[in-house]
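Structure assessment
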Amino acid sequence: MIGKSALVVLSGGQDSTTCLYWAKRNFERVAALSFRYGQKHVAEVDLAHDIAREANVEWECMDLPFIADLAKDCSLTDTSLEIEEEKPADSLPSTFVPGRNLFFLSIAAIYACQKGIFDLVTGVSQTDFSGYPDCRDSFIKSLNVTINLATDRQFRIHTPLMWIDKAQTWKMADELGVMDIVRYRTLTCYNGITGDGCGHCPSCKLRQKGLEQYEQQRKRIAQGTGQED
């Protein structure tokens, strides 16, 4: 056990759901917080609720509509914009929501403090960060310091996926015994399709590539022809 209590920022996607079950393994008590922020695919919030309920985790959702108001030209919040199938080489992807993790984690810390919780868990990853600057380790560490200074408390932000790729994230879900939940009941697709998704948006491609790599690793190990990466 890492600690007594933790709050997971739960989107209903692959990464945060894996982190929810990671937290259940590492903390005695786990709560989850989701957000409606004007995202196109608000169905992810309903999935987060169902996942938390099945995991026997206290869950709450907060409305932050101002995030969408600030996220101009973001294809995850503007219904008039189509999802890019390829990430642009020299600019932020159109799916980047400015300030999202900054707001989420700051509000999560204040919410957690009221519950006597000082461990926060988020599913960001610098290995597979899709070009989002607020998924980097340097940002999380900086925000952790800022939150502690702002609240005069000692929060710890845990990032179980920070240095692992999608294949290793699938491996973690499998080891936690929630492979099917993560694969079939989470929403990671930028086009809003649950489970394996649309198959052609950047998020689906990354997720599918990782799944294929992990399944190949499992097959090699089962056949005794290779070692785990």
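Structure: above.
The present account deals with the structure reproduced in this document. (Residues numbered from 1 in each chain as written. Predicted model: local features only at pLDDT ≥ 70, side-chain atom pairs only at ≥ 80, totals over all residues. Heavy atoms only, no water.)

1. Remarks on the overall build of the protein
- Regarding its fold elements, the protein presents 8 helices and 5 strands.
- Written out in order from the N terminus, the α and β elements of the protein read β-α-β-α-β-α-α-β-α-β-α-α-α.
- Over its C-alpha atoms the protein spans a radius of gyration of 17 Å, differing by no more than 12% from the 17 Å that the globule rule assigns to 229 residues.
- Once the C-alpha set of the protein is aligned to its principal axes, its extents read approximately 55 × 45 × 30 Å.
- Within the span of the protein, comprising 229 residues, buried residues form 51% of the whole.
- Taking the intrachain contacts of the protein between residues at least 6 apart in sequence as the baseline, contacts between residues at least 24 apart amount to 69%. (Helix = DSSP H or I, 4+ residues; strand = E, 2+ residues; numbered from the N terminus. Rg over C-alpha atoms; globule rule 2.2 N^0.38 Å. Buried < 20%, exposed > 50% of the residue type's maximum accessible area, 1.4 Å probe, protein only. Contact = heavy atoms within 4.5 Å.)

2. So, helix α6 (residues 166-175)
- A large share of α6 lies buried, amounting to 7 of its 10 residues.
- Restricting attention to buried positions, one finds in α6 the residues Lys166, Ala167, Thr169, Trp170, Lys171, Met172 and Ala173.
- Its side-chain oxygen 3.2 Å from the backbone nitrogen of Ala167, Asp165 forms the N-cap of α6.
- Of the residues one or two after α6, Gly177 is the one with positive phi, at around 80°. (Polar contact = N/O pair within 3.5 Å; in protein donor to acceptor, adjacent residues only side chain to side chain.)

3. Thoughts on unusual backbone geometry
- Despite not being glycine, Asp73 shows a phi value in the positive range, around 65°.
- By the secondary structure assignment, Asp73 is in the loop between α3 (66-70) and α4 (100-114).

4. A short note on the nonpolar core
- Formed by 37 residues in total, the largest nonpolar core has its most connected members in Leu7, Val97, Phe104, Leu120, Ile140 and Phe155.
- Secondary-structure elements contributing two or more residues to this core are β1 (3-9), β2 (27-36), α4 and α5 (137-151).
- Considering each element in turn, this core owes the most residues, 7 residues, to α4.
- Not counting residues up to four positions away in its chain, the partners in contact with Phe155 are Ala109, Ala112, Cys113, Ile117, Phe118, Leu120, Asn144, Ile147 and Asn148.
- One finds Val30, Val121, Trp170 and Leu176 within the second-largest nonpolar core, a separate group that totals 30 residues. (Core = buried A, V, L, I, M, F, W, Y, C linked by side-chain atoms within 4.5 Å.)

5. Topic: the sheet that holds strand β4 (residues 119-121)
- Pairing within the open sheet is parallel, and its 5 strands lie in the order β3-β2-β1-β4-β5. The two strands at the open ends of the sheet, each matched to only one other strand, are β3 (58-63) and β5 (156-158). When strand polarity is set aside, the average angle formed by the axes of neighbouring strands in this sheet is 25°.
- Sheet topology note: the β1/β2 ladder contains 6 bridges and is parallel. (Pairing = 2+ DSSP bridges. Axes fitted to C-alpha atoms, helices over the stretch in contact; angles between N-to-C directions.)

6. Considerations on the environment of Lys205
- If you trace the backbone, Lys205 turns up in helix α8 (residues 202-223).
- When sequence neighbours within four positions are dropped, the list of residues in contact with Lys205 reads Glu85, Glu86, Gly199 and His200.

7. Details of the packing of aromatic side chains
- Under the definition given, this model contains 6 aromatic pairs.
- Centre to centre, the rings of Phe35 and Phe104 are 4.3 Å apart; their planes meet at 10°, and the pair counts as stacked. Highlighted residues: Phe35 in strand β2 and Phe104 in helix α4, separated in sequence by 69 residues. Like Phe104, Phe35 is buried.
- Between Phe66 and Phe103, the ring centres sit 5.0 Å apart and the planes meet at 85°, which makes this aromatic pair edge-to-face. (Phe/Tyr/Trp six-rings, centres within 6.5 Å; stacked < 30°, edge-to-face > 60°.)

8. Focus on the packing of α6 against α8
- Orientation of α6 relative to α8, taken along the N-to-C sense of each, is 65°, at an axis distance of 7 Å. When the axes of α6 and α8 are compared, the crossing they make is right-handed. Contact residues: α6 offers Lys166, Ala167, Trp170, Lys171 and Asp174, while α8 offers Leu206, Arg207, Gly210, Leu211, Gln213, Tyr214, Gln217 and Arg218. (Left-handed = near helix turned anticlockwise from the far one by under 90°.)

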